[in-house]
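# Examining the three-dimensional arrangement
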Amino acid sequence: MRYIKLPSENFGKFFKSLEAWGSVYAPVKRGGIYSFQEVHDPAEIALDYNRTMLPPKKFFFRPKEAILRLKNGHWEENLEAEPTVLFGLHSCDIHGLKILDRVYLDEPADPYYKSRREKTLIIGISCMPDEYCFCKSLGTHFAMDGFDLFLHELPDGWLVRIGSVRGHEIVWENGELFEEVTDEDLANFKEFEEKRAKAFQKEVPQEGLADMLDLAYNSPVWKKYAEICLACGNCNLVCPTCRCYEVCDRWMDAYSSVRERRYDSCFMENHGLVAGNYNFRPTRLDRFRHRYYCKSYFDPSSGYNCVGCGRCDEFCPAKIEHVKVLEEVRGSLK
Amino acid sequence: MSENPYQTYDARILEVKDLTSREKLFTLRFLDPEVEAKFDFRPGQFVIVDIRGFGEFPISICSSPTRRGYLQLCIRKVGRMTKFVHKMKEGDVVGIRGPYGNGFPMEKMEGSNLILVAGGLGMAPLRSVLWYAIDTGKYENVWLLYGTKAYEDILFRDEIIHLLKHGEAMNCSVKLAYEVESPSCIYLEQGFSDRVCRGVVTDLFRGEEFDVNRAYALICGPPVMYKFVIKELLDRKLSPGRIYMTLERRMRCGVGKCGHCVVGTSVSMKYICQDGPVFTYWDALSTRGLI
């Protein structure tokens, strides 16, 4: 890793320089909610945002998109991908993208996701946790890869970690904006990280978590929460690692049709429905439990399917708390 | 050929045959010779059928890879899409992508006895195994235990009756159980009293002694069937690793992305479309929700 410093006074110039790489999207506050929007003026960016409602997955795996267009009886691909810069991703969201990569770039790669991923520059930014964050306990509070540049806040600028060749290129081409890192910067970086580590209020105890949950398959806690749950699917939509999709064909006119895919939610009744009306997850309890098992699935190569971003808690209309459910289920094992 | 895994390839319907009042057998062939030449599969794999402008659905392949040049799909009229397909005629074109899934480990089972246990529509994927085993002759004996609702519901009835009559010459022994009595069934039962009976598929196990060290069981049927069939096999001391079953889920994409066919819990999650649809009983023991 190469470390370099971006002084505060050069931030604006650095940000403007990113436009040479593609359209720049950054967190913006609108109506009390943060979201990634196209930004031209650095003053618009909410640098101290807690979390956006939709995670950055929306840039690669779209809420709704036409994947194929039927013309003259044949499907034509719709592989458009614009060069994009995603500025200001938090570490948890970078980890979320890595989990999506595991699914969508795995053979056979999803060409839509892949082409957008290849044309997108990822610039991370450090953050302070709020009451919903539990990324530290899942090990996703610090990104060691998965970005081109990562900016860590210093009192007088940013400590920049360069994570890719493209990251090097940006710094190389804008060399006059950067300085070498001093001992004082390192001390500030260390202090920030220590302060941050202490600020987390929530944690998931990881020890034996996956097995404990599996053993608690028949726990009454699942039922208790399934009854509170509205099955609205909000948690799926805002989750940086949820990636289920549904496909349907839609006629445009008598001669052309599009094959569209859109986000799907495992809380919807038809998620496990097969031909003949047989449903493999017929009850809300089945579906509620399935989501928790999916999020807590432990993959030896990439960890859990949850990055602790806290979106599912913040945007749950029934105020169900992810960590609390896991703790209670685990605790229900006598 | 396209690198887009969602792209489908034109296949012409060569023949449509009524199997029952609900099921039709579609014989297809790819239009593009290059695609046709490259298309190979294992028994137990499935394809996604694309009715352009209407949607896609997964369906298991019921022909055998030993019989090249065509692909057969047994499609039950059960929903919007399959109703549409049932109206299609010879010469019509559909899209096909695949084959998907792991299929049965045919090579590993060579030299062994095969016990095929089919319930209802479960006969479709097992027909692929049946003809593969008969055509290659690489398996000692093949038993087919097939349970259906009624005589009219027997899939591939001509082939089944042919095997009842002449199966022995092909080292293939067919047994049939039906639930609803009819004159045709009674006629069959009189003709093959040792192999046709009224009851369910597990009744066909009565009196059968399998050499459990040299046999593999391959099961396909409605979800309720697995538990009972597996019990019969385990009672006969067949190892869980020798019990293969092929499962159904909502396989939307076929390539492990869309998430509809995911089963399991925090310690073991499986995509039926990629990790399956064929699993052993060991898999079922370690993955909740598999059966």
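Structural data are supplied above this passage.
Everything numeric in this text was worked out from a predicted model, so none of it was measured.

### Here's the deal with the overall build of chain A
Across its full length, chain A holds 12 helices and 15 strands. Along the three orthogonal principal directions, the C-alpha set of chain A runs to about 65 × 65 × 40 Å. Considering chain A as a whole, with its 334 residues, one finds that 57% of them fall into the buried category. Taking all contacts inside chain A whose residues are at least 6 apart in sequence as the whole, residues at least 24 apart take part in 74%. Summing over all exposed atoms, chain A offers an accessible surface of approximately 14,900 Å²; the carbon and sulfur share of this is 52%. If you average the places of the 45 positive and of the 52 negative side-chain charges in chain A, the two averages end up 6 Å apart.

### Details of a nonpolar patch on the surface
A contiguous nonpolar surface patch, about 250 Å² in accessible area, is contributed by M212(A), L215(A) and L333(A). Overall, the relative accessible area of 32% leaves M212(A) in the partly exposed class.

### Some points on the interface of chain A and chain B
Across the contact, 48 residues belong to chain A and 37 residues belong to chain B. If you look at where chain A meets chain B, you find five salt bridges. The shortest N-O distance in the salt bridge between R259(A) and E56(B) comes to 3.1 Å. In this structure, the connection of chain A to chain B is made through 30 residue pairs in polar contact (both at pLDDT 80 or more). Among the residues making up the side of chain A that touches chain B, the classes are represented as 27 nonpolar, eight polar and 13 charged.

### Concerning the environment of L145(B)
All names here are of chain B. Inspection of the secondary structure puts L145 in strand 8 (residues 142-148). Counting along the chain gives 131 residues from L145 to L14, while the straight-line C-alpha distance between them is 30 Å. Discounting chain neighbours no more than four positions away, the residues touching L145 are I115, L116, V117, A118, K175, V201, L204 and F205.

### Quick look at the packing of aromatic side chains
Residue and element names in this part refer to chain A. What the rule picks out here adds up to 32 aromatic pairs over all chains. Arranged with centres 5.0 Å apart and planes meeting at 70°, the rings of F298 and Y304 form a pair that is edge-to-face. Judged by its relative accessible area of 36%, F298 is partly exposed. The buried category is assigned to Y304, whose relative accessible area is 8%.

### So, the pattern of salt bridges
Residue and element names in this part refer to chain B. Inspection of the entire model under this criterion finds 50 salt bridges over all chains. A salt bridge links R52 to D50; the shortest N-O distance between them is 3.2 Å. Neither residue differs from the other here; R52 and D50 are each classed as buried.

### Things to note about the nonpolar core
F14(A), L18(A), F87(A), L151(A), L114(B), L218(B) and I219(B) are the most contacted members of the largest nonpolar core, which has 139 residues in total. Once residues lying within four places of it in the same chain are set aside, the contact partners of F14(A) are L6(A), F87(A), I123(A), L149(A), L151(A), I170(A), L177(A) and F178(A). Of all hydrophobic cores here, the second largest spans 27 residues; its members include A231(A), F267(A), Y304(A) and V329(A).

### What about unusual backbone geometry?
Cis geometry marks the peptide bond from E107(A) to P108(A), where omega comes out at -10°. Looking at the secondary structure, you find P108(A) in the loop between helix 2 (91-104) and helix 3 (111-118). In this model, G98(B) is joined to P99(B) through a cis peptide bond whose omega is 0°. Relative to the helices and strands, P99(B) resides in strand 6 (residues 93-100). Although it is not a glycine, N277(A) sits at a positive phi angle of roughly 65°. Inspection of the secondary structure assignment puts N277(A) in the loop between strand 12 (273-274) and strand 13 (278-279).

### Observations concerning the packing of helix 3 (residues 123-136) of chain B against helix 4 (residues 157-166) of chain B
Residues and elements named next belong to chain B. Two elements in contact, helix 3 and helix 4, have axes whose closest approach is 13 Å; the angle formed by their N-to-C orientations is 45°. As the angle between them shows, helix 3 and helix 4 are arranged oblique. By crossing handedness, the relation of helix 3 to helix 4 is classed as left-handed. On helix 4, the residues touching M123, R127, L130, W131 and I134 of helix 3 are E159, I160 and L163. The class makeup of the residues in the contact of helix 3 with helix 4 is six nonpolar, no polar and two charged.

### A look at the pairing of strand 13 (residues 262-265) of chain B
The two faces of a sheet get side chains in turn, since along a regular strand they alternate between them. Residue and element names in this part refer to chain B. Alternating positions in strand 13 separate into two faces, V262 and G264 on one and V263 and T265 on the other, with burial throughout. Sheet topology note: the strand 13/strand 14 (residues 268-271) ladder contains four bridges and is antiparallel. Directly across from V262, in strand 14, lies its bridge partner Y271. Between strand 13 and strand 14, which follow one another and run antiparallel, lie two residues.

Thresholds, definitions, all that
Residues numbered from 1 in each chain as written. Chains lettered and ligands numbered in written order. Predicted model: local features only at pLDDT ≥ 70, side-chain atom pairs only at ≥ 80, totals over all residues. Heavy atoms only, no water. Helix = DSSP H or I, 4+ residues; strand = E, 2+ residues; numbered from the N terminus. Buried < 20%, exposed > 50% of the residue type's maximum accessible area, 1.4 Å probe, protein only. Contact = heavy atoms within 4.5 Å. Areas by Shrake-Rupley, 256 points an atom, 1.4 Å probe, with all protein chains shown as cover. Lys, Arg positive; Asp, Glu negative; His and termini not counted. Charge placed at Lys NZ, Arg CZ, Asp CG, Glu CD. Patch = residues over 30% accessible without salt bridge, like charges linked within 9 Å, V, L, I, M, F, W, Y side chains within 5 Å. Salt bridge = Lys/Arg side-chain N within 4 Å of Asp/Glu carboxyl O. Polar contact = N/O pair within 3.5 Å; in protein donor to acceptor, adjacent residues only side chain to side chain. Nonpolar A, V, L, I, M, F, W, Y, C, P; charged D, E, K, R; others polar. Phe/Tyr/Trp six-rings, centres within 6.5 Å; stacked < 30°, edge-to-face > 60°. Core = buried A, V, L, I, M, F, W, Y, C linked by side-chain atoms within 4.5 Å. Axes fitted to C-alpha atoms, helices over the stretch in contact; angles between N-to-C directions. Parallel < 35°, antiparallel > 145°, perpendicular 65-115°, else oblique. Left-handed = near helix turned anticlockwise from the far one by under 90°. Pairing = 2+ DSSP bridges.

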